[in-house]
Amino acid sequence: MKAEEYSWFADRFPYLEVGYCLTLVKNLDRTTALQRIETESVGRVTGALEFVELADRHFWAGQQQGRYFMGATDLGDWTLLVEANGFLGTRPEVIGPLSADTQVVSHYRNIDAEDRFCWMVDGDLRLSFEPLFPYHRSGSDPDGQVEAMKDAGFDLRAGEDRDYTLHSEAAFALAERLTGVRLTAELLESADYLCGMVPLKR
């Protein structure tokens, strides 16, 4: 669970790498997780390519209505929520309900290099930071995972000489350290995704 071990993501999923949000929620199956955030079902697909194709078909019309595409797949004790060009998994109004009586770990990045990592436990945002700037952290316990962050590959120095070349990959590695869930290219390529449109309540 080092940053280098997730270098496959950019190579295998260039259509997701430019803009994605991955959210892991514990002890909720995918149907329950999607119900918690009032998802309207739009279908079920197998594999990352079919997932992205369905996401593209719903992207613009959904945004005009304030709704965003999301897919979910069960991974044992955890459910993985996937967004193409999405960000909902890092919004408190979304992960708050998801984390009730459980916990959520999420990270997102878009084509403009904006990014966010969140860890929320039963509505308490323990840790939040931009992977590009990991030295600037917030939450109720912003320093509780410092060693895990370093081990995952984050350079926590604030100087100009810091190493940020694998900051997105380090977000994957930190998520694995917090959840025990190891994502692989094969998993994303073969997963069965239950998909829907999620309203963003402001």
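Described in the following lines is the structure provided in the data block. (Residues numbered from 1 in each chain as written. Predicted model: local features only at pLDDT ≥ 70, side-chain atom pairs only at ≥ 80, totals over all residues. Heavy atoms only, no water.)

**Overview of the pairing of strand β1 (residues 20-26)**
Here is step 1 of the chain: Of all seven residues making up β1, six are buried, and the element is well covered by its neighbours.
Here is step 2 of the chain: Two elements, β1 and strand β4 (residues 78-84), share seven bridges in a ladder whose sense is antiparallel. If you follow L22 over to β4, its bridge partner there is V82.
Here is step 3 of the chain: In the sheet, β1 pairs with strand β5 (residues 103-109) via six bridges, with the strands oriented antiparallel. When the bridges of β5 are listed, L22 appears paired with H107. (Buried < 20%, exposed > 50% of the residue type's maximum accessible area, 1.4 Å probe, protein only. Helix = DSSP H or I, 4+ residues; strand = E, 2+ residues; numbered from the N terminus. Pairing = 2+ DSSP bridges.)

**Remarks on the pattern of salt bridges**
Here is step 1 of the chain: Counted by the stated rule, this structure contains 14 salt bridges.
Here is step 2 of the chain: A salt bridge links R157 to D155, with the nearest nitrogen and oxygen atoms 2.7 Å apart.
Here is step 3 of the chain: Here D155 falls in the buried class, since its relative accessible area comes to 14%.
Here is step 4 of the chain: Taken together, the salt bridges that share partners define one network made up of E5, E176 and R182. (Salt bridge = Lys/Arg side-chain N within 4 Å of Asp/Glu carboxyl O.)

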